[in-house]
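# Fold and contact review
Residue-level listing of the chains:
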Amino acid sequence: SGLSSFAALTFRFGLVALMLLPFTSRGLSWAARGRMLGVGVVYALATTCFFGALDRVSAGTTGLLLYLAPAIVVLFGWLLGRTPGRHQLGAVALAAAGLGLVVGLPAPTDRDPLGLLLGAGAGALYAAYLMASERWLADTPALGNTAHVALCAALYFGALAVLGEGLQVPTGAQWLPVLGLALIPTLIAVPALYGAVRHLGAAQASLLGTLEPLFTVALAFLVLHEPLRPAALLGGALILGGAALSQ
């Protein structure tokens, strides 16, 4: 739509913060607000690494590195004294193999060291975001978490836009994708993620998150009429197997 990534992210999160903060801030302690904003910083850094990787390596490789998050969550848990069970390790292995088939393995041209490092950083920071959400936001409301994380992300990406090419305000049809991003993957999906992390834990929630590329392939088939590759079907079966095994 001609809108820069940082500008789109600024207004995406800014709209969500404006909608939620007036109704979710009452009764929250300053300590709780600080934890929420801290988690928001981790999320914003993960998103920055993701877009930085997209500029240097293919989308498939970037996505594959991002979805290393379940394995990294398990690793972080092990470092914190949580020994992973056989089912959990098996679920991670199945999900990783399935993602390789659905998203695609790294192409021969994906050799930019900084791009690969940024992609791996996105996966590690997203895992840290999930772990921090589990440890720091377990006793705070999901909508309040979403509001404060959105506020932090809006300020962060707004600053990056101003320091770069300037903050471009959407006009006309440019508002449609911004509103779509604010509604579905933010206002609906983010509180659902916090609920999943609270009830299932970061490891299981991250494994279920690997279903996202599978839904992307299915929607591309149904809406855009893109063909279903046999590798994607097999990868989807492996991802579903991993998600089932994680339960």
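Residues numbered from 1 in each chain as written. Predicted model: local features only at pLDDT ≥ 70, side-chain atom pairs only at ≥ 80, totals over all residues. Heavy atoms only, no water.

## Re helix α4 (residues 69-79)
Of all the residues in α4, the buried ones are Ala69, Pro70, Ile72, Val73, Val74 and Gly77. Buried-residue contacts for α4 involve α3 (59-66), α5 (86-102), α6 (113-136) and α9 (202-209). Just downstream of α4 lies Gly81, where phi reads positive at about 100°. (Buried < 20%, exposed > 50% of the residue type's maximum accessible area, 1.4 Å probe, protein only. Helix = DSSP H or I, 4+ residues; strand = E, 2+ residues; numbered from the N terminus. Contact = heavy atoms within 4.5 Å.)

## Things to note about the packing of helix α2 (residues 30-54) against α6
The interhelical angle for the contact between α2 and α6, taken along N-to-C directions, is 160°, at an axis separation of 8 Å. Our classification of the angle between α2 and α6 gives roughly antiparallel. Classified by chirality, the crossing of α6 by α2 is left-handed. Every residue of α6 that contacts α2 at Arg35, Val39, Val42, Tyr43, Leu45, Ala46, Cys49, Phe50, Gly52 and Ala53 is listed here: Gly115, Leu118, Gly119, Gly121, Ala122, Leu125, Tyr126, Ala128, Tyr129, Ala132, Ser133 and Trp136. (Axes fitted to C-alpha atoms, helices over the stretch in contact; angles between N-to-C directions. Parallel < 35°, antiparallel > 145°, perpendicular 65-115°, else oblique. Left-handed = near helix turned anticlockwise from the far one by under 90°.)

## A look at the nonpolar core
The nonpolar side chains of a soluble globular protein tend to be buried, and buried together. In this structure, Phe13, Val39, Val73, Tyr129, Leu130, Phe157 and Tyr194 are the most contacted members of the largest nonpolar core, which totals 35 residues. Looking at this core, the elements with two or more residues in it are α1 (5-24), α2, α4, α6, α7 (142-163), α8 (175-200) and α9. Not counting chain neighbours up to four residues away, the residues in contact with Val73 comprise Ala127, Leu130, Met131, Ala202, Ala203 and Ser206. Core analysis: the second largest hydrophobic core is formed by 9 residues, Leu64, Tyr67, Leu99 and Val102 among them. (Core = buried A, V, L, I, M, F, W, Y, C linked by side-chain atoms within 4.5 Å.)

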